[in-house]
Structures are given as C-alpha cells and as structure tokens.
Amino acid sequence: MERVLTRDVKSHAGKRVLVRGWLHKKRLIGGINFILLRDRGGVVQVVVQDEAELEKLRSLQIGTVLAVEGDAVEEGRAPGGAEIHEPRITVEVPVTDEPIIEIDKPLSHKHENLDTLFDYRHLGLRNLKEQEVFKIRAALVRRIREYLTQNEFTEIHTPKLLAGATEGGAEVFKTDYFGKEATLAQSPQLYKQMLVGAFERVYEIAPAFRAEPSATTRHMSEVYMLDIEMGFINGLDDVLNTVQDMTHYALIKIYGECAEELKNWEAPELVLKEKFPRYTVAEVHELYTKATGTDTTHEKDLIPDEERWICEHAKKEQGCEAVFVTHFPKE
RNA sequence: GGGGCUGUGGAGCAGCGGAGUGCUCGUCUCCCUGUCACGGAGAAGGUCGCGGGUUCAAAUCCCGUCAGCCCCGCCA
C-alpha cells in the first residue's frame, strides 16, 4: 500500500491508509488508547483498542519507527480533525533506550541546560516546536537566495581549505594538509572579488572559521555568513540599498509565511521601513553618549551595548529597527 | 585575556556544616473507553564532577583540577 503523510490522513477519510513514522507519544487510557505518530508532515493520532496491537508497543520507547495501516476517520475530537482507527501496527525499528529528552513538552532553553540540549540536539529536534527554528532559518535563507537570484547575482561556492589567510585581522585555524599547513577559510573575500570579474554580481552563503579566543554568543569560531560582491557601483549607497532591499524583502516574506512559528516563539513585531536609517559610527557615539551618559566618543567601534541601543533608538524615533552604521573605523 | 556563575538518580531543580539527599518530569508494574503536558496506585534508579584539605561530622567550608554557562574584551 502507498504511504500517506500524516497531514493527508484527513483528506483520505473513509479509506484504508498506511502511515509510517516515529512513535511520538503514548497515551494509554485503558480500554481506549491513543498513540501519536510523527512524520515530516506533522503528527497524527491513532486509536488503539485491540489488546494484541497495543501489546506490540509494550516496553518500546518514544522514537520507535512504526508503520500503521488503518481506517482514516474524520473526528472532531482528534488533534487536526482526523485520526486512524482499527490499526494494524508493524514495528520497523524498535527503540528500547529510555528517552533523554521529552519531545512532547516544551524544552528549556535556559543557558544552564544548553550543554544537554546540544549533546542531544538530534533528539530535541524531534520536538515540533524546536523544528520551527530550523524551518524559519531555512525559509529566511531561501528568501535571501530568491532575492539575490532575481537581481542577477550568481551563487558561488568557494574553497574552505586554503593555503593562507584571506584577510588581515582575524586569527585562522591551522590544519594539516598531507604534511603541509593549511588554514580554514575565514572569509570568501578574495574569491568573491576575483569572480566579480567573471559574473559581475556574486554571493555565497557558507561557513567562515575564525580562531578568536571568543567564548560568547556574539562571535563563534564557526559561523554561517552571507557574502555579497557587486561590480559597477556608483558608491556606498548602491551597496547599502542592495542589502537594505534584500533584508526588507526577506523579513517581510518570513513574517508572513512563518507567522505561526514566530508567534510560538514570541518573536516581537517586525518594525521595518523600506528605507533603513543610516548613521556613521561617530553619530552613534554622540547619540549614545547623550542618551546614556556613558562616553563612547573615544571608541573606534560600537560597543556591544551601543549596537543594541541604536536599534532600539531607531525603532522608537524612526519606526525601523534595522539600521546601517557606516564609516568604521572612526578616524 | 578579565570578571561572574553552575556541576546532586535518565532530564530539570531544591538542600549550602548535623537525623534517612528531597521535589517535578521521565522509566517499569497494575488500574482506567476520548486522551491531547491524561488521571490514580505502587516500584526501581544516586561514587552529590574529580582529587586533596579543615572538622567529632562535608553534597554543604577551603585549595586544586576538569567540564559547562553568562558578560566584557578580542573579531567585521
């Protein structure tokens, strides 16, 4: 029998269907029992009343891979409005290890728990809410690609294992390349510039590696970076306008298509205008110093608190929380 | 690199010098025919991160060490 996704059970009401996926939750009430089955489309409820079928799941843990053949039934009391009755259950891959992470409940993201969360991320991501973070990220990247493609940027993929450093400043990770020293790319900068000569407009979304002694969320040794390079510009404004329009496009799209996910994660309302406010580093120092009394006018760069502050400031004063800060370093 | 904090059953936490390490969730057994973070009864599960010291007595205080987290710096 052809496999049906959990989200399509409702449209198959009245027919016999086969679903395959992971055991997501058991709710054993007694004479009637509910099990939830998860696949890439979500979760469907299966009603188990036959003792022999239920016995197949005894001592099997959440995560067990199942095939369930049964009657698709429209049912208002079921989550999603449909469920499967009279199931015939086949255990495809039994799981007997006790679950470390409870995937049907909200996961704690308190920083004390991050170690556990990261160690078992593959399990935690079976939590439907956790998956939303990845869906939002994937949608954002897709929309950025879409915008850049529409504007005739060619996507490139450049080497990450290099003979030397590409950019001054950041420390590079050194590694062995068949007896010779190699470094992990800290930026695709040189390749981008070379390829502007071929394609005029290029971009890359790829990891960059920096061996900074940093141990905070502000900067990590491995980050995913969007790099854009374009030729035949008339000045800085052309660059800013491209980044501005791309950001505006992608965020508006995301807030539409991921509205439910963003709401679940209590994302704040998007406060954005088509034209982002533009400041110089020196201007931000002046505004910040005046507003907070902390003198930053001697700083070359924005301090971390200024970065947060200027966005809040622009949100209140300009109705747009995205800003450009240019003319670094302050001379 | 500087500062602050945390390591206690599988997970999250409480206990912070003195009687038996306690709670919530999970796991196992039994009961339960519409649950949806189901409910009820019972049970199992712990070198209190590791090493040393102080003390009549250490999960608790001190020193060291390992692991992790946060802020700043570093970085664009």
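Please read these numbers as outputs of a predicted model, since none were measured by experiment.

### Observations regarding the overall build of chain A
- The helix and strand tally for chain A stands at nine helices and 13 strands.
- In terms of overall size, chain A is more extended than a compact globule, its C-alpha atoms giving a radius of gyration of 26 Å where 331 residues would be expected to give roughly 20 Å.
- Taken along its principal axes, the extent of the C-alpha atoms in chain A is 80 × 55 × 40 Å.
- Counting the 331 residues in chain A, one finds 36% classified as buried.
- Of the contacts made within chain A by residues no fewer than 6 positions apart, 59% connect residues no fewer than 24 positions apart.
- Carbon together with sulfur atoms contributes 52% to the accessible area of chain A, which is approximately 20000 Å² in total.
- Side chains of chain A carry 43 positive and 57 negative charges; the gap between the two charge centres is 3 Å.

### Topic: the confidence of the model for chain A
- Residues at a pLDDT of 70 or more form 95% of chain A, whose mean pLDDT is 90.
- Here the predicted complex carries an ipTM of 0.84, next to a pTM of 0.87.

### Description of the sheet that holds strand 7 (residues 161-162)
- Read across the sheet, three strands follow the order 7-9-8 without closing on themselves; strand pairing throughout is antiparallel. Of all strands in the sheet, those bounded by a partner on one side alone are strand 7 and strand 8 (174-177).
- When strand 8 meets strand 9 (residues 180-184), the two strands line up antiparallel, connected through four bridges. Across the sheet, residue Asp176 finds its bridge partner in strand 9, namely Glu181.

### Side note on helix 5 (residues 189-199)
- Those residues of helix 5 that fall on the buried side of the exposure criterion are Gln189, Lys192 and Val196. Angular distribution of buried residues about the axis of helix 5 spans 50 degrees; they occupy a single face of the element. Of the residues in helix 5, the exposed ones pointing more than 90 degrees away from the buried face are Met194, Gly197 and Ala198.
- On the buried face of helix 5, the contacting elements are strand 10 (201-209) and strand 11 (222-230).
- Downstream of helix 5 by a residue or two, Glu200 has a phi angle that is positive, lying close to 75 degrees.

### Structural notes on a positive patch on the surface
- On the surface, Arg3, Arg7, Arg40 and Lys135 cluster together to form a positively charged patch.
- Counting through the fold element by element, Arg3 comes out in the segment before strand 1 (16-28).
- Accessibility expressed as a relative area gives 37% for Arg3, which makes it partly exposed.

### Considerations on the packing of aromatic side chains
- For the structure shown, the criterion picks out four aromatic pairs.
- Ring centres of Tyr147 and Tyr249 lie 5.6 Å apart, and the angle between their planes is 50 degrees; on these two criteria the pair is classed as tilted. Placement of Tyr147 in helix 4 (residues 128-150) and of Tyr249 in helix 6 (residues 236-257) is noted, with a sequence separation of 102 residues between them. Grouping residues by exposure puts Tyr147 and Tyr249 together as buried.
- We note Lys129 situated over the ring of Trp265; from NZ or CZ to the ring centre the distance is 4.3 Å.
- For Arg137, the ring lying beneath its charged end belongs to Tyr224, and the centroid distance is 5.6 Å.

### Details of the nonpolar core
- Grouped together as the largest cluster of nonpolar side chains are 17 residues, with contacts concentrated most on Val9, Ile35, Leu66, Val68, Ile84 and Ile89.
- Secondary-structure elements contributing two or more residues to this core are strand 1, strand 2 (33-39), strand 3 (42-48), strand 4 (65-74) and strand 5 (82-93).
- If sequence neighbours within four positions are ignored, Val68 has contacts with Val17, Leu18, Val19, Val46, Ile84, Pro87, Arg88 and Ile89.

How each quantity is defined
- Residues numbered from 1 in each chain as written.
- Chains lettered and ligands numbered in written order.
- Predicted model: local features only at pLDDT ≥ 70, side-chain atom pairs only at ≥ 80, totals over all residues.
- Heavy atoms only, no water.
- Helix = DSSP H or I, 4+ residues; strand = E, 2+ residues; numbered from the N terminus.
- Rg over C-alpha atoms; globule rule 2.2 N^0.38 Å.
- Buried < 20%, exposed > 50% of the residue type's maximum accessible area, 1.4 Å probe, protein only.
- Contact = heavy atoms within 4.5 Å.
- Areas by Shrake-Rupley, 256 points an atom, 1.4 Å probe, with all protein chains shown as cover.
- Lys, Arg positive; Asp, Glu negative; His and termini not counted.
- Charge placed at Lys NZ, Arg CZ, Asp CG, Glu CD.
- pLDDT = per-residue confidence, 0-100.
- Pairing = 2+ DSSP bridges.
- Arc of directions from axis to C-beta.
- Patch = residues over 30% accessible without salt bridge, like charges linked within 9 Å, V, L, I, M, F, W, Y side chains within 5 Å.
- Salt bridge = Lys/Arg side-chain N within 4 Å of Asp/Glu carboxyl O.
- Phe/Tyr/Trp six-rings, centres within 6.5 Å; stacked < 30°, edge-to-face > 60°.
- Lys NZ or Arg CZ within 6 Å of the ring centre and 35° of its normal.
- Core = buried A, V, L, I, M, F, W, Y, C linked by side-chain atoms within 4.5 Å.

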